[in-house]
Amino acid sequence: MSAPRAHLTLVTPIQFVKGVGERRAELLHRIGLHTAGDLLYHVPHRYEDASTIAPINAVQPGMDVTILGRVISKGVLPTRRGLRIFQAVLKDATGMIEVSWPGQPFLDRSIDKGHLLLVSGPCRFYHGRQVQPREYVNFGDEEDGAEQGRVLAVYRATEGITVRQIRGLIETHLDTLVALAEDYLPAPLRDEVSLLPLQEALRLVHRPPTLGDAHRGRNRLAFDELLFMQILQRRANAVARAPRLGITFASQRTLTRQLADALPFELTKAQRKVIREITSDMCSPHRMHRLLQGDVGSGKTIVALFAALLAMENGFQAALMAPTELLAEQHARSIGRMLAPLNVTPVPLWGSQGTVARREAEARLATADPLLAIGTHALVQERTTFGRLGLAIVDEQHRFGVEQRAALGGKGETPDMLLMSATPIPRSLALTVYGDLDVSTIDERPPGRHPVTSAHRPESARDRVLTFVASQLTAGRQAYVVYPVIEESEKVDLKAATTMFAELGAGRLAGFRLALLHGRLPADARDAIMRAFRDGEIDALIATTVIEVGIDVANATVMLIEHPERFGLSQLHQLRGRVGRGAEESFCILLGDVGDEAAERLRIFTSTDDGFEIARADLRLRGMGDLFGKQQSGDAAFRIADPVRDEQLNLDAQRVASALLAKDPTLSRPEHAGLRRTIGHRYSRALELFRVG
Ligand code: ADP
Ligand code: MG
């Protein structure tokens, strides 16, 4: 059953597109193609043209190449070990080369003599030059020269449906589909940012005469996605804010003044700035919903404390929730010390407290007395009630689920919310990522802190590195030795760490007090070890588990990281943040041989101590996927754009979105009808935000 072609629209289910049918539709669904419109927006993820294709005679072992040639012979070879290899010889105007696909004998069915293949992958020496494709595109028996002077579009495909088939489908329907695409951006707006009209852009991404054209087309489509996201987020912010009446605090300057006077240090300029932002937010009638971000060690706690005291001097309660007992305990101690001159004692609440202390704490929270509660998720348990919660603070907010954060907010009438994060995000991205949160950023560290000396050392330097670690321990300092844990192979990792623990104890670090810390230990055992380390009863911690974010042991001066290539840049930076907290010089040493790509990444890490720069590089390298995964409800946020790499486009989109919504907050003007409809089709969230449907 297929719908007549005349009725083809962009929302026609893909199975009714001529040439698809039920079976193929299922395969296409797997790569996110559900409608005819999806097909139109399935833009090539890569292009090849003459400039990127190497002449076959120039290909040498060791090179990573893209070649284009016709199959002149082919066959399946068995190997002695039972693996079957599909091999083909490709020929272009300059020569011939062998291409081999180990373990893919089935390719023999789809690749035939005479087919034109585009192949990319490394060339190695194996009885002669041989390319092992990472990727290939089969252009079938397309004529020779079809590729010449033309840019080849390479589409994402999936098992059971080839690039060539997808390309054929798009090719067949492109003109019809393009004609259906209405340009939802008003022309003046488009001109302002020098964007191509939509139809032209769509045609160019699929059939570009030059790579430059492909790029211009892609930019228009990428801009649109960034614009949609900006519009959605801003609208979400406005909608969330409108009915979000909260507590209107008044700056009494009693407790906050006293704290400022009692501080043993000067607040940094950045701390003063964010305290002002938070204060004015809390003193406004709407409910605060703010993210406080700042690099490790930038001094977020003290900022949160000012907010807590502001709530308390207005007769309200404040609560600070930390992800682990150890952190909660650390906060309770250090905050307790800072508040002692004010005669304020925080009320601690966590699991291992013992029933009596706990009951007592719970009883105090249930009163209407102004106070500061510091605890773990015990704060959000059902039996915990607050008499008058006015401010909820969540430390290391990414360690909590959305529900837990909301649950803390739910412990009061409409308490202001302050979420803290040590993974800073460049300003231009904050709005894109955090949507309906306002963001305050601490972009400076307290003075007088030595930067941590960071270096990457090869395996051959292991002995020297360990000797160095031992010398630090002898001098009375402490060290962390960290192993990565990858969930699937946790056992193996644990074994590696356990073995190393034994080896170190018998070898280079013999005579020192070592402890092994890993994720399989129950939480209380882990906390006990960390406590012993904090109190100087352990010299070196060998850890497979990522050492608690935020833990503060000033005497620890060495962070030794094994298999550094297995960590993300931001993770490495968090680990490095565990040292350099005292007066002594501190060291972060990455140990081990790594590949070129990883070496480059580690070089970025050792060359800067700036968390923002690291976050930016990390985002550039790993993309936004991780950040968005949890935030968007099922809608693919970006298919084409990448807000990190497309920073300038994103800034343009922000500007345009803000101007647009200032004039027409609900996109209800006739000239915005197309835009509104498009966003409604694409993002389910838009339904409630703009009431489209
Ligand atoms: P983070 O932002 O990582 O949570 P903390 O709030 O734990 O950082 O602060 C790190 C350390 O810096 C703490 O020991 C804190 O007392 C100290 N600190 C905070 N602000 C300042 C400042 N303005 N001058 C000097 N030291 C500060
Ligand atoms: Mg902190």
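Relevant structure appears above.
What you see as residue numbers is a count from 1 along each chain, following the sequence as written. By the order in which they are written, chains take letters starting at A while ligands take numbers starting at 1. The model is predicted, so local features are restricted to residues of pLDDT at least 70 and side-chain atom pairs to those at 80 or more, both for listing and for counting; the totals for chains, interfaces and linings are taken over all residues. Excluding hydrogens and water, the side-chain values take into account all heavy atoms of the structure.

Student: Where do I start with helix α4 (residues 163-180) in this structure?
Tutor: Residue pairs spaced three or four apart in an α-helix point in one direction, given the helix's 3.6 residues per turn. Where helices and strands are cited, they refer to DSSP runs of H or I of at least four residues and of E of at least two residues respectively, numbered from the N terminus. Expected helix span is taken as 1.5 Å per residue step, with the number of steps being one fewer than the number of residues. Taking 1.5 Å per residue as the helical rise, α4 with its 18 residues ought to reach 26 Å, and the 24 Å between its terminal C-alpha atoms agrees with that figure. The largest bend in α4 amounts to roughly 60 degrees and is located at Leu174. Here the term buried applies to any residue with accessible area under 20% of the maximum for its type, exposed to any over 50%, and partly exposed to those in between, with areas from a 1.4 Å probe on protein chains only. Burial in α4 covers these residues: Val163, Ile166, Arg167, Leu169, Ile170, His173, Leu174, Leu177 and Val178. Of the surrounding secondary structure, the elements contacted by the buried residues of α4 are α1 (21-30), α2 (36-40), β7 (135-138), β8 (152-154) and α6 (198-206). Fitting axes to the seven residues ending at a residue and to the seven starting there, one defines the bend at that residue as the angle between these axes. Throughout, a contact is declared for two residues whenever any of their heavy atoms are within 4.5 Å.

Student: Looking at this structure, I do not really get the nonpolar core. What am I missing?
Tutor: Where a protein is soluble and globular, its nonpolar side chains tend to be buried together. Joining through side-chain atoms within 4.5 Å is the link that ties buried Ala, Val, Leu, Ile, Met, Phe, Trp, Tyr and Cys residues into a set, and such a set is a nonpolar core. Phe223, Ile231 and Leu675 are the most contacted members of the largest nonpolar core, which totals 68 residues. Of the residues forming this core, the biggest block, 10 residues, is contributed by helix α7 (residues 211-241). Note that domain bounds follow an automatic or database assignment of domains. The residue makeup of this core includes at least three contributed by each of domain 1 (1-43 + 162-180) and domain 2 (47-154). Met282, Met288, Trp350 and Leu418 belong to the second-largest nonpolar core, a separate cluster that totals 43 residues.

Student: Could you clarify how one ought to interpret the side chain of Thr376 in this entry?
Tutor: On the secondary structure map, Thr376 appears in the loop between β12 (372-375) and β13 (389-394). Using a relative accessible area of 3% as the deciding quantity, one classes Thr376 as buried. Once residues lying within four places of it in the same chain are set aside, the contact partners of Thr376 are Met321, Ala322, Thr324, Glu325, Ala328, Leu349, Trp350 and Gly351.

Student: Honestly, the sheet that holds strand β18 (residues 514-517) in this entry has me stumped. Any pointers?
Tutor: Sheet strands line up and pair through hydrogen bonds in the backbone, either parallel or antiparallel. The strand order β16-β21-β20-β17-β19-β18 describes an open sheet built from 6 strands, whose pairing is parallel. A strand with exactly one partner marks an edge of an open sheet, and here the two such strands are β16 (453-457) and β18. Strand-to-strand twist in this sheet, taken as the mean axis angle between neighbours without regard to direction, amounts to 15 degrees. Only strands joined by at least two bridges in the DSSP assignment are considered to pair. Both β18 and strand β19 (residues 540-543) contribute to a ladder of 4 bridges, which runs parallel. Considered in β19, the bridge of Leu516 is made with Ile542. Between N-to-C directions, angles span 0 to 180 degrees; the directions come from axes that are lines fitted to C-alpha atoms, helices contributing only their stretch in contact. Seen against the sheet, helix α15 (residues 462-474) touches β16, β17 (478-482), β19, β20 (556-562) and β21 (587-591) and runs at an angle of roughly 155 degrees to β20.

Student: What am I meant to see in the side chain of Arg462 here?
Tutor: Within the element layout of this structure, Arg462 appears in helix α15. Filtering out sequence-adjacent residues up to four positions away, Arg462 remains in contact with Met500, Glu562 and Leu591.

Student: Hey, could you run me through the site of ligand 1 in this one?
Tutor: For this purpose, a residue is taken to be near a molecule or strand whenever a single non-hydrogen atom of the residue falls within 4 Å of it. Around ligand 1 sit 15 residues in total, of which Glu266, Gln271, Gly297, Lys300 and Thr301 are the nearest. With respect to ligand 1, the backbone of Glu266 contributes an N or O atom lying 2.7 Å from a nitrogen atom. In protein, a polar contact means a hydrogen-donor-capable atom and an acceptor-capable atom, both N or O and within 3.5 Å, with residues adjacent in sequence counting only if both atoms are side-chain atoms; elsewhere, any N or O pair within 3.5 Å suffices. The separation between an oxygen atom of ligand 1 and a polar main-chain atom of Gly299 is 3.1 Å. The method behind every accessible area is Shrake-Rupley, applied with a 1.4 Å probe, and residues are considered shielded solely by the protein chains displayed. Starting from 570 Å² of accessible surface for ligand 1 in isolation, the protein chains cover 77%. Cavities and pockets are found on a 1 Å grid laid over the protein atoms alone: a cavity is a set of points where a 1.4 Å probe fits but cannot escape, a pocket is an open set with protein on both sides within 12 Å along at least five of seven lines, and a lining residue has an atom within 4 Å of such a point. Here the criterion for a molecule occupying a pocket or cavity is that more than half of its atoms lie within 2 Å of the pocket grid points. Cavity membership is defined here by more than half of the atoms lying within 2 Å of grid points; on that basis ligand 1 lies in the second largest pocket. For the shell around ligand 1, a count of residues per class yields 4 nonpolar, 6 polar and 5 charged. Ten residue types, Ala, Val, Leu, Ile, Met, Phe, Trp, Tyr, Cys and Pro, are classed as nonpolar, four, Asp, Glu, Lys and Arg, as charged, and the remainder, Gly among them, as polar.

Student: Help me out: how do you make sense of empty space enclosed by the protein in this one?
Tutor: Using a probe with the size of a water molecule, rolled over the atoms, empty space left in the structure can be pinpointed. Grid points are joined across faces, edges and corners, and a volume is the space filled by probe spheres set on the points. For the coordinates displayed, the defined rule picks out 5 cavities of 30 Å³ or more. Taken as a whole, the largest cavity holds about 130 Å³ of empty space. Looking at the largest cavity, it is lined by 14 residues, and the ones nearest its centre are Val296, Arg445, Val452, Gly577 and Val579. Among the residues making up the lining of the largest cavity, the classes are represented as 4 nonpolar, 5 polar and 5 charged.

Student: Sorry if this is basic, but what is going on with the packing of helix α9 (residues 269-282) against helix α10 (residues 300-313) here?
Tutor: Working note: a packed helix pair is described by the angle between its axes plus the distance between those axes. At a closest axis distance of 10 Å, the pairing of α9 and α10 adopts a crossing angle of 30 degrees. Taken together, the axes of α9 and α10 lie roughly parallel to each other. Between α9 and α10 lies a crossing whose hand is right-handed. Residues Gln271, Val274, Ile275, Ile278, Thr279 and Met282 of α9 form the contact with α10, whose own contacting residues are Ile302, Val303, Phe306, Ala307, Leu310 and Ala311. Any angle that falls under 35 degrees is termed roughly parallel, while one over 145 is termed roughly antiparallel, one within 65 to 115 roughly perpendicular, and all others oblique. Two helices that cross are described as forming a left-handed crossing if the nearer one is turned anticlockwise from the farther one by less than a right angle, and a right-handed crossing if clockwise.

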